[in-house]
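Topology and contacts: notes
As a plain string of letters, each chain reads:
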Amino acid sequence: MIAVYPGSFDPTTMGHIDIINRASNIADALIVAVLANPSKSALFTTDERVNQLKEITADMPKVQVTHFEGLLVNFAKEVGSRVIIRGLRAITDFDYEFQMALTNREMNSELETLLIPTSAKCLFLSSSVVKQIAMFGGNYDKMVPPVIKRDLERKLGGLK
Ligand code: ADP
């Protein structure tokens with residue numbers, strides 16, 4: 001089974017890595033797909049986010065990293081996948097994820113969404129929380145892999 005894990009990954013957190021690890025245990029191949037979304041202002045460029053994920057998953061043979069634009073259903077079809085992976089934190093994620101899953105299935109009835117519940121330690125972890133802590137000089141060492149810490153320091157150092 002080829003699965004696609006789409007998202008903004010701006011930047012990748014331990015929460016995303018947890019989902020990547022667990023999804024690649026059940027899939028034969030996992031395509032991590034960074035959404036190049038022109039309407040969402042991101043801290044990192046699409047290329048930067050793709051390269052970060054490539055570095056992070058370099059030792060995971062089942063994982064490929066790429067980016068996509070436009071509709072996820074079209075991208076999934078292009079890469080021959082019928083399974084979308086998404087992570088669920090609190091109940092607040094559920095509404096949005098459920099709506100997206102139904103919308104995508106409406107557009108392609110062969111497409112299934114697998115919602116993977118987060119690990120307890122990642123429950124309150126999000127890219128925006130990490131960015132806020134980093135901007136205000138707090139400690140976020142346990143929330144991201146070293147690749148992201150390095151790039152956040154570079155990026156935010158450059159913005160000062
Ligand atoms: P998007 O903008 O598409 O929501 P994100 O990069 O914020 O992109 O998230 C991508 C996916 O990863 C979503 O399904 C989100 O719920 C999931 N995710 C993000 N953080 C966590 C976490 N800490 N634990 C589990 N899943 C997570």
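Residues numbered from 1 in each chain as written. Predicted model: local features only at pLDDT ≥ 70, side-chain atom pairs only at ≥ 80, totals over all residues. Heavy atoms only, no water.

1. Here's the deal with the overall build of the protein chain
Along the protein chain, the regular secondary structure elements total six helices and five strands. Computed over C-alpha atoms, the radius of gyration of the protein chain comes to 15 Å, within 12% of the 15 Å expected from 2.2 N^0.38 for 160 residues, which places it in the range of a compact globule. Over its C-alpha atoms, taken along the principal directions, the protein chain stretches across nearly 50 × 30 × 30 Å. In the protein chain, buried positions account for 45% of the 160 residues. Considering only intrachain contacts with a sequence separation of at least 6, the fraction spanning at least 24 residues in the protein chain is 76%. When the accessible surface of the protein chain is split by element, carbon and sulfur atoms take 55% of a total near 9100 Å². The average position of the 18 basic charges and that of the 18 acidic charges among the side chains of the protein chain differ by 4 Å. (Helix = DSSP H or I, 4+ residues; strand = E, 2+ residues; numbered from the N terminus. Rg over C-alpha atoms; globule rule 2.2 N^0.38 Å. Buried < 20%, exposed > 50% of the residue type's maximum accessible area, 1.4 Å probe, protein only. Contact = heavy atoms within 4.5 Å. Areas by Shrake-Rupley, 256 points an atom, 1.4 Å probe, with all protein chains shown as cover. Lys, Arg positive; Asp, Glu negative; His and termini not counted. Charge placed at Lys NZ, Arg CZ, Asp CG, Glu CD.)

2. Digging into a nonpolar patch on the surface
Taken together, the side chains of Ile 91, Phe 94, Phe 98 and Leu 102 make up a nonpolar region of the molecular surface, amounting to roughly 410 Å² of accessible area. Along the chain, Ile 91 turns up in helix 4 (residues 91-107). The exposure class assigned to Ile 91 is exposed, which follows from its relative accessible area of 70%. (Patch = residues over 30% accessible without salt bridge, like charges linked within 9 Å, V, L, I, M, F, W, Y side chains within 5 Å. Salt bridge = Lys/Arg side-chain N within 4 Å of Asp/Glu carboxyl O.)

3. Description of the pattern of salt bridges
Under the counting rule described, the total for this entry stands at 11 salt bridges. With its nearest N and O atoms 2.8 Å apart, the salt bridge here joins Arg 86 to Glu 97. A residue pair is termed long-range when its members are at least 10 positions apart, and Arg 86 in strand 4 (residues 83-88) and Glu 97 in helix 4 qualify at 11 residues. Between Asp 141 and Lys 149 there is a salt bridge; the shortest N-O distance is 3.2 Å. A relative accessible area of 25% places Lys 149 in the partly exposed class. When salt bridges with common partners are traced through the structure, they connect Glu 55, Arg 150, Asp 151 and Arg 154 into a single cluster.

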